[in-house]
Structure formats: C-alpha cells, structure tokens
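Chains, contacts and geometry: an overview
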Amino acid sequence: MQFVDEASIIVEAGKGGNGCLSFRREKYVPKGGPDGGDGGHGGSVHLVGDDALNTLIDFKYQRFYKAQNGQPGQGRQMSGRAGEDLLVKVPVGTTVIDEDTLEVIADVTEVGQVVLVGQGGRRGLGNIHFKSSTNRAPRRTTPGTEGERRNLRLEMKVMADVGLLGLPNAGKSTLIRAVSAAKPKVANYPFTTLVPNLGVVKLGQHEHFVMADIPGLIEGASDGAGLGLRFLKHLTRSRLLFHVVDVAPFDESDPVEAAEAIVRELGEFSPTLAELPRWLVLNKLDLLPEDEREAVAEEIVKRLDWDGPVFRVSAISGDGTDALVQAAHRWLTERRRLEHEDEEVAEHEREMRRRMEEEAVARTEARLGRKRSRDDEDDDDDFDDDDYDVEIEYAP
C-alpha cells in the first residue's frame, strides 16, 4: 500500500432546488390561488475522522467530491426533497486547508469528528410565499442558490505518543522494530525509511503507547532539504520525542555535531516543537568496546550540555530498550493524569498544540508559495509530487 500524507481535492456542495410556480386548479374551485412549493436544500459536504484509515491514498485517485442537489418544488405546496449530505472519511490527524486562501479550516483529531467543508445551497421559494392582499396571483419564485465549492488541501500527521527523530541511519527503524510489532525496512544506507512508520508498544494487556518512526533528517531539512520538511510536521502530534543518536557512525562523523544539527532544524521548523519534552537515546553502543562505552556516552552528554533523561541502548540486540519504553510509559501515564486533574496543565498542552499547528501551517504556506512560483516559471508537466510515493507494508 502506498503511504500518501498530502492530497488536494475539490468539494462541491449541492445546489438548492428552485421554487415552483403553480396555481391550484380543481373543479368547483375557480379561485384556487398559488400553491407552488419550495425547493429542497442542497446537500453539504462533511469530512469525518476515521481511525481505520492511515493514509490519504484514496484521494490520489478520486479528487472531486460532490453532494446531491436539492429537488425543485412542486404544485400542491409540495416541497422538493433535500439533497443528501456527503460524508467523506479521512484519517484521524488530518489538517484541512483552503488552497485558495491558505486558511486552516479544521484539524480532525478525534474519531467521528465531523467537519463541514462545503455548505449546501439554500432552497428556492415557491410562489405561495408571495401572495398578498394586492397580489392574489403572484408569478414570482426564487431559484435555489449554488452550493459552496472549495479547493482543499489535506495534510495527514500521524497520531503517536512518542516520536523518533535523528539523522539517517541513527537506528530509529531498528529501535521501533525492537519494541513493537512494526517491521519497517532496515538497511545500512541513508534514507532507508522514506515514510513514517507506526508501532504499538505493548507493556501489558491494557497498557500500550504508539511510537512513530520519522524519516531521517539532514541539515537544511526545515528549508526542504532531503525528506525533512515533508515529515517534520508528523512530530507535532507527539507528546514526547526520542532523540536517537548514533554513537559510532560508520562515516566517523561527530555524534555531537549531528545531534546539534537536529536541534537546530527543530527550532527552524517550529520553535514550539523544539520545546517538547525530549529524551536523549544513545544508540549502537554495542559497536564500541565495553570498556569505552561509558566514557563515550559521558563525553557526548557533557559536550551537548544535556540535563535531561539519557538512555543507553543497543536497538539491534535490545539492550536497554525495555528500560526506555517502561520509563516512557510511566511518563505518558503521569502526563495524562496531570492533564485530566489540572486544568492549567491541560490548557498549557492545548496552547502548545495550537502554536505548533500554526508554525507548521506557516511552513506549509511557505512551501506552497514556493511551489506556485516554480509552477508559474516552469510548466513542465513531467514532474509530479506523486513521483515520491513509495510502497509500504503495514505490520498486522
């Protein structure tokens, strides 16, 4: 199945039915008067959050969605039937943006959440509404109005409790394989991961959390380099970030410089995202001699001036991963409890989400603006965003 997290669609609500021009004509009723009925309202278009969907691939093949028109009115004061509303299912975590105005219409964050994106046209009035003492036979009706038509951009952000970030080949995919049932592709070359992968980390029968493996970032990701700009937005849904650092890079690069580059990219993309709780996960310690591991880890922590939680793991062997996920589960449980019991904490969380969304949308607007400029300068139809779609298999 292809993973598609961005799509452009057109929605058109139904037109309202026209009012009817009719006069009562019955035997023995010589002056029946007007009896034209009203038209029916046009159907509206709604988006509905559905947790059974995890990609926007359906919108790649069907991009036009139209609700039913209302039926015209009839004689004998019979109103036309209203058009049926159109309900379009979207993945939970979808942001809806008006492409013409770049206005954020809604953020679908809950299962069953319904968002109106196209208002149906209003019905027309039959001539029965226009009779008066001076106009006993009105020949006036009103037409139904057109339904709302909008060009929308859908952007899906994966819903996860914990987000993994780091350079390509830091071991993020190996880590999520070690602690969950997800089986993303793992290889010893950069950009093995091309799309986000979700894994459910189970700690008991009813205890679990969701972890997201985001494609590796490189310097300049916040400006569109590599895969970063397209996927950094997925981290804005997380409550906690694991900053995975390769302590023994195969190219002998400096792990500290790599970690600092990632922090800079977070801040450039969204200053609020950079403020999210972040834990340092030193990975691939198994590649170092046992007597050097602690010294290397301490040196990295010291040079980073890191004062937050630090975990030493080897994702490929599983060493240290259990302590990491247990600590994360305890932190997430306590955080949810505080948000439930303390309104101030809950309000702070909502405010951070709002700011991150605004900053992510601002980046999206800038990217769309640059794309429009390129399209205006170059009408080459050979290039398409769909060229970046890749095949992905989801673990059951």
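Please refer to the structure higher up on the page.
Report on the accompanying structure. Just so we're clear, the structure is a prediction, and the values are computed from it rather than from any experiment. (Residues numbered from 1 in each chain as written. Predicted model: local features only at pLDDT ≥ 70, side-chain atom pairs only at ≥ 80, totals over all residues. Heavy atoms only, no water.)

**Brief notes about the overall build of the protein**
As a reminder, the rule being used: Elements are defined by DSSP. Helices are runs of H or I of four residues or more, strands are runs of E of two residues or more, and each kind is numbered from the N terminus. Each residue's exposure class comes from its accessible area (1.4 Å probe, protein chains only) as a fraction of the maximum for that residue type: buried when under 20%, exposed when over 50%, partly exposed otherwise. Any two residues whose heavy atoms approach within 4.5 Å are treated as being in contact. To be clear on the numbers: accessible area is Shrake-Rupley with a 1.4 Å probe, and residue cover counts the displayed protein chains and nothing else.
Along the protein, the regular secondary structure elements total 8 helices and 14 strands. By residue count, 48% of the 396 residues in the protein fall in the buried class. Once local pairs closer than 6 in sequence are excluded, the contacts in the protein between residues at least 24 apart make up 75%. Accessible area of the protein: about 20,600 Å², with a carbon and sulfur share of 48%.

**Considering the pairing of strand E1 (residues 6-12)**
Put simply, the rule is: Strands are labelled as partners when DSSP assigns at least two bridges between them.
The buried fraction of E1 is high, at 5 of 7 residues. Strand direction decides the pairing type here: E1 and strand E8 (residues 149-156), joined by 7 bridges, are antiparallel. Counterpart to Ile 10 in the pairing with E8 is Asn 151.

**Remarks on unusual backbone geometry**
In this structure, Arg 76 is a non-glycine residue whose phi angle is positive, near 60°. As for its placement among the helices and strands, Arg 76 is situated in the loop between strand E3 (64-66) and strand E4 (86-91). Judged by its relative accessible area of 69%, Arg 76 falls in the exposed class.

**Digging into the nonpolar core**
Applied cut-off: Here, the term nonpolar core denotes a set of buried Ala, Val, Leu, Ile, Met, Phe, Trp, Tyr and Cys residues that are joined through side-chain atoms within 4.5 Å.
Grouped together as the largest cluster of nonpolar side chains are 38 residues, with contacts concentrated most on Phe 59, Val 117, Leu 154, Leu 235 and Leu 273. Here Val 117 is in contact with Val 11, Val 45, His 46, Leu 47, Val 96, Glu 148, Arg 150 and Leu 152, once residues within four sequence places are set aside.

**A closer look at the sheet that holds E1**
The strands that make up a sheet pair up through hydrogen bonds in the backbone, lying either parallel or antiparallel. Test applied: Axis definition: a line fit to C-alpha positions, over the contact stretch in the case of helices; interaxial angles, taken between N-to-C directions, run 0 to 180 degrees.
Spatially, 5 strands are ordered E3-E1-E8-E5-E6 in an open sheet, and the strand pairing comes out mixed. Every other strand in the sheet has two partners, leaving E3 and strand E6 (104-108) as the edge strands with one partner each. Looking at each pair of strands side by side, their axes are set apart by 25° on average, direction ignored.

**Some words on the pattern of salt bridges**
Think of it this way: side chains of opposite charge can pair up when their charged atoms draw near. To be explicit about the condition: By convention in these notes, a salt bridge is any Lys or Arg side-chain nitrogen within 4 Å of a carboxyl oxygen on Asp or Glu.
For the structure shown, the criterion picks out 23 salt bridges. For Arg 335, the salt bridge is made with Glu 349, and the minimal N-O distance between the two is 3.4 Å. With Arg 335 in helix H7 (residues 321-341) and Glu 349 in helix H8 (residues 343-377), this residue pair connects regions lying 14 residues apart in the sequence. Here the salt bridges do not stand alone but share partners, grouping Arg 239, Arg 335, Glu 339, Glu 349 and Arg 353 into one network.

**Considerations on the sheet that holds strand E11 (residues 208-213)**
Read from one edge to the other, the open sheet built from 6 strands follows the order E10-E11-E9-E12-E13-E14, with strand pairing classed as mixed. Looking at the sheet topology across the chains shown, the edges are occupied by strand E10 (197-202) and strand E14 (310-312). If you compare each strand with its neighbour and ignore which way they point, the axes differ by 25° on average. One ladder, built from 6 bridges, connects E10 with E11; its direction is antiparallel. Counted as the bridge partner of Gly 199 is Met 211 from E11. Packing against the sheet, helix H4 (residues 255-269) makes contact with strand E9 (162-165), strand E12 (240-246) and strand E13 (278-283), and its axis sits at approximately 150° to E12. Its contacts with the sheet place helix H6 (residues 290-304) against E13 and E14, and it is angled at close to 145° to E13.

**Examining the packing of aromatic side chains**
The condition is simple: Centres within 6.5 Å are what make two rings of Phe, Tyr or Trp a pair, Trp counting through its six-membered ring; a difference in plane orientation under 30 degrees is then read as stacked, over 60 as edge-to-face, and the rest as tilted.
In this structure the tally under the stated criterion is 3 aromatic pairs. For the pair Phe 59 and Tyr 65, a centre-to-centre distance of 5.7 Å together with 55° between the ring planes defines the contact as tilted. By relative accessible area, which is 3% here, Phe 59 ends up buried. Judged by centre distance (5.8 Å) and plane angle (20°), the rings of Phe 242 and Trp 279 are stacked. Taken together, the residues Phe 242 in strand E12 and Trp 279 in strand E13 connect sequence positions 37 residues apart. Since its relative accessible area comes to 0%, Phe 242 is described here as buried. Clustering of aromatic rings is evident, with ring pairs tying together Phe 242, Trp 279 and Phe 311.

**Concerning the side chain of His 46**
Along the chain, His 46 turns up in strand E2 (residues 45-50). The residues contacting His 46, other than those within four sequence positions of it, are Asp 85, Leu 86, Leu 87, Val 88, Val 114, Val 115, Leu 116 and Val 117.

**With respect to the environment of Leu 304**
For Leu 304, the location among the structural elements is in helix H6. Using a relative accessible area of 18% as the deciding quantity, one classes Leu 304 as buried. Once the C-alpha coordinates of Leu 304 and Glu 257 are considered, the two residues, 47 residues apart in sequence, prove to be 8.9 Å apart. Beyond its immediate sequence surroundings of up to four residues, Leu 304 is in contact with Val 256, Ala 259, Glu 260 and Leu 280.

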